[in-house]
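# Notes for the structure review
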Amino acid sequence: MNISTDYLEFIADGLASQDYAIVDNFLPMEEVHDILKVFSLHQDHDLFRRAGIGKDDNLQYDRSIRGDYIKWVNPKHALPPVKRFLDKIDSLKDYLNRTCFLGIQDYETHFTIYPPGSFYKRHLDQFKNDGARKISFICYLNTEWEPGDGGELRLYFGNEIKDVAPTAGKLACFRSEIIEHEVLLSKKDRFSLTGWMLNLPWGLEFVVDK
Ligand SMILES: O=C(O)CCC(=O)C(=O)O
Ligand SMILES: [Fe+2]
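We now turn to the structure provided with this report. Only a predicted model underlies this, so the values are computations on that prediction, with no experimental measurement involved. (Residues numbered from 1 in each chain as written. Chains lettered and ligands numbered in written order. Predicted model: local features only at pLDDT ≥ 70, side-chain atom pairs only at ≥ 80, totals over all residues.)

Turning our attention to the pairing of strand β8 (residues 160–164). By the bridge criterion, five bridges tie strand β7 (residues 153–157) to β8 in an arrangement that is antiparallel. The partner of tyrosine 156 across the bridge, within β8, is isoleucine 161. (Pairing = 2+ DSSP bridges. Helix = DSSP H or I, 4+ residues; strand = E, 2+ residues; numbered from the N terminus.)

Put into structure tokens, the structure is as follows:
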């Protein structure tokens, strides 16, 4: 077990009782720094692409809605620091399947960079033409984040909101089909690993398509 049962239980309870959970120290700083080195490597190789909205025939690119850059993780070729993160997500997936009966079969993950001035307007993570996304998870990697830097994750609960600072090591997760959310304007480069637990298997062709 590479993630404590306390964390797993806390996340499962949060998802069951309020449709979201936030864990502050999901990753130790050393692992955050190791993952950031992988980001640098991918940036050096110019592997990040503008993120789109929707999927397949409905895929669109619109900066007034979403301004981040992404690189999909291929789990079969993940470098060790990323593999270590994926192993934790695997443990979480198995735990949620045992305790919440969500029928999660797989997950998809991308590296994400929001450059200064970017944001992602209020949305739901399920695509109109695909309801496979069950749980959204985001692990933040911003070691220098301070109040005023922006880039908070804003969760909507009817008329209530909750803002989550994107500080390094934190994991935010929520029910993809229920919780509307947005990324507020970020004033600095904002790094994260973003993923979704799916109730369908995720084939390699799907990775290459993206
Ligand atoms: O990075 C975040 O805090 C949320 C990202 C998001 O909403 C998404 O990629 O769908
Ligand atoms: Fe989202």
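Now for the packing of helix α2 (residues 29–44) against helix α3 (residues 80–100). Taken N-terminus to C-terminus, the directions of α2 and α3 make an angle of 125°; their axes are 8 Å apart at the nearest point. Taken together, the axis directions place α2 and α3 in an arrangement best described as oblique. In this structure, α2 crosses over α3, and the sense of that crossing is left-handed. Across the interface between the two elements, Glu31, Asp34, Ile35 and Val38 of α2 pack against Pro81, Val82, Arg84 and Phe85 of α3. Split into classes, the residues belonging to the contact of α2 with α3 amount to five nonpolar, no polar and three charged. (Axes fitted to C-alpha atoms, helices over the stretch in contact; angles between N-to-C directions. Parallel < 35°, antiparallel > 145°, perpendicular 65-115°, else oblique. Left-handed = near helix turned anticlockwise from the far one by under 90°. Contact = placed C-beta atoms within 7 Å. Nonpolar A, V, L, I, M, F, W, Y, C, P; charged D, E, K, R; others polar.)

With that settled, consider α3. Across its 21 residues, α3 extends 29 Å between first and last C-alpha, which sits within 8% of the 30 Å expected from 1.5 Å per residue. Among all positions in α3, only Val82, Phe85, Ile89, Leu92, Lys93 and Leu96 are buried. Projected onto a plane normal to the axis of α3, the buried residues spread over an arc of 105° and lie on a single side. Opposite the packed face of α3, turned more than 90 degrees from it, sit the exposed residues Pro80, Asp94 and Arg98. Looking at the buried residues of α3, the elements they touch are α1 (5–18), α2, β4 (106–114), β6 (133–140) and β11 (190–198). Immediately beyond the C-terminal end of α3, within one or two residues, lies phenylalanine 101, with a positive phi of roughly 50°. (Expected span 1.5 Å × (residues − 1). Buried ≥ 20, exposed ≤ 12 C-beta atoms within 10 Å, placed from the backbone. Arc of directions from axis to C-beta.)

A few words on the sheet that holds strand β5 (residues 120–123). As a general point, the strands of a sheet are linked pairwise by backbone hydrogen bonds and lie either parallel or antiparallel. An order of β5-β10-β7-β8 is seen for the four strands of this open sheet, with the pairing classed as antiparallel. The open sheet has two free edges, formed respectively by β5 and β8, since each of these has just one partner strand. Strand-to-strand twist of the sheet, defined as the mean angle between neighbouring strand axes without regard to direction, takes the value 15°.

Moving on, we come to the sheet that holds strand β9 (residues 171–175). Taken in spatial order, the seven strands make up an open sheet running β1-β9-β6-β11-β4-β3-β2, and their pairing is antiparallel. Looking at the sheet topology across the chains shown, the edges are occupied by β1 (20–23) and β2 (49–50). Sheet topology note: the β4/β11 ladder contains nine bridges and is antiparallel. By the bridge assignment, histidine 110 is partnered in β11 with threonine 194. Sheet strands touched by α1: β1, β6 and β9. Its angle to β1, the strand with the most contacts, is close to 150°. On top of the sheet, α2 reaches β3 (69–72), β4 and β11; it is set at about 100° to β11, its chief contact.

Once that is clear, we can look at the site of ligand 1. All residues adjacent to ligand 1 are Tyr120, Asp125, Ile138, Leu153, His181, Val183, Ser192 and Thr194. Elements represented by at least two residues in the shell around ligand 1 include exactly β10 (180–183) and β11. For the shell around ligand 1, the residue count by class is four nonpolar, three polar and one charged. (Near = placed C-beta within 6 Å.)

Don't take any of this as a statement about function, it's just geometry.
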